[in-house]
Structure formats: structure tokens, C-alpha cells
Amino acid sequence: MKNNNWLKYFLYALVLICYITISDKIIVFLNYKYYHLIISPFLFLLVKTIIFIIVGLLLGLESFILETRKEGKWKVNLPKVIFYILSAT
């Protein structure tokens, strides 16, 4: 059973490292390719935002899966969510 956990975490880390490496290459490519265009700042920021959102989802995936297995009602701390969204912008 413990070997299965090691394998699971190893694959999880491998996927995360591969994603971060590929996303870094995408950001470098977009920075080089669209550096001189007028639309590049918007495109560059949009791609970077999407890439970092996916990294955040990958990092929080395990705890989210553990939370979905729990029984009972879910409660959302709405003021905390609103404050987090407003502080991120």
C-alpha cells in the first residue's frame, strides 16, 4: 500500500514538473515571438494568468480530492473568497 502512495506522489510531482517546464518554454516563446507587437502585452498576460491558474489547480488538486471524499455539507467562507479575489487583482 505504501509503494502505491510513493508511486502516486512521484507521478504527481512528475506531471507538475513537466507542466512547469513546458509552461516556462511557452512563456519564453511568447515573449520572444510577440515582443514587438502591440497586442503582445495583453496576450502575454492572458497566457501567463491561465498558466499560473492551472499550476495552482495542480497544487491544490490533492487536498480538493480529499475534501470531496468527506461526508456532510460543504460550507463556503464567502467573505474570505471575496477578499482573496479582490487582493489578487
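It should be emphasised that the depicted structure is a prediction, and the values quoted were computed from it without experimental measurement.

Draft legend 1. Representation of the overall build of the protein chain in the model. Along the backbone of the protein chain there are three helices and zero strands. Walking the protein chain from its N terminus toward its C terminus, one meets helices and strands in the order α-α-α. The burial tally for the protein chain puts 11% of its 89 residues in the buried class. For the protein chain, restricting intrachain contacts to residue pairs at least 6 apart in sequence, the fraction spanning at least 24 positions comes to 60%. Carbon and sulfur atoms make up 73% of the accessible area of the protein chain, which totals about 8400 Å².

Draft legend 2. Examining a nonpolar patch on the surface more closely. Among the surface-exposed residues, Val76, Leu78, Val81, Ile82, Tyr84, Ile85 and Leu86 lie close enough to one another that they form a single nonpolar patch of about 740 Å² accessible area. One can find Tyr84 in helix 3 (residues 78-88). What makes Tyr84 exposed here is its relative accessible area of 61%.

Draft legend 3. Molecular detail of the nonpolar core. Formed by Leu16, Tyr19, Ile27, Leu30, Val47, Ile51, Val55 and Leu58, the largest nonpolar core amounts to eight residues. Counting only elements with at least two residues in this core, the list comes to helix 1 (2-33) and helix 2 (40-68). Residues contacting Val55, with those up to four places away along its chain left out, are Tyr19 and Ile20.

Draft legend 4. Seen up close, the side chain of Ser23. Take Ser23: it is sitting in helix 1. Exposure remark for Ser23: the relative accessible area of 6% places this residue in the buried category. Separated by 2.9 Å, the side chain of Ser23 and the backbone oxygen of Ile20 make a polar contact.

Draft legend 5. Just the layout of surface pockets, in detail. Of the voids in this model, the largest pocket is the one considered here, and its volume is about 220 Å³. Lining of the largest pocket is provided by Lys8, Tyr9, Tyr12, Leu61, Glu62, Ile65, Leu66 and Arg69. Among the secondary structure elements, those contributing two or more residues to the lining of the largest pocket are helix 1 and helix 2. Tallying contributions element by element places helix 2 first for the lining of the largest pocket, with four residues. Looking at side-chain class alone, the lining of the largest pocket contains five nonpolar, no polar and three charged residues.

Draft legend 6. Examining the environment of Pro41 more closely. Structurally, Pro41 can be placed in helix 2. Pro41 gets classed as partly exposed once you look at its relative accessible area, which sits at 47%. For the pair Pro41 and Asn31, spaced 10 residues apart in sequence, the C-alpha separation works out to 9.1 Å.

What counts, and at which threshold
Residues numbered from 1 in each chain as written. Predicted model: local features only at pLDDT ≥ 70, side-chain atom pairs only at ≥ 80, totals over all residues. Heavy atoms only, no water. Helix = DSSP H or I, 4+ residues; strand = E, 2+ residues; numbered from the N terminus. Buried < 20%, exposed > 50% of the residue type's maximum accessible area, 1.4 Å probe, protein only. Contact = heavy atoms within 4.5 Å. Areas by Shrake-Rupley, 256 points an atom, 1.4 Å probe, with all protein chains shown as cover. Patch = residues over 30% accessible without salt bridge, like charges linked within 9 Å, V, L, I, M, F, W, Y side chains within 5 Å. Salt bridge = Lys/Arg side-chain N within 4 Å of Asp/Glu carboxyl O. Core = buried A, V, L, I, M, F, W, Y, C linked by side-chain atoms within 4.5 Å. Polar contact = N/O pair within 3.5 Å; in protein donor to acceptor, adjacent residues only side chain to side chain. 1 Å grid on protein atoms, 1.4 Å probe; cavity = no way out; pocket = protein on both sides within 12 Å on 5 of 7 lines; lining within 4 Å. Points joined across faces, edges and corners; volume = space filled by probe spheres on them. Nonpolar A, V, L, I, M, F, W, Y, C, P; charged D, E, K, R; others polar.

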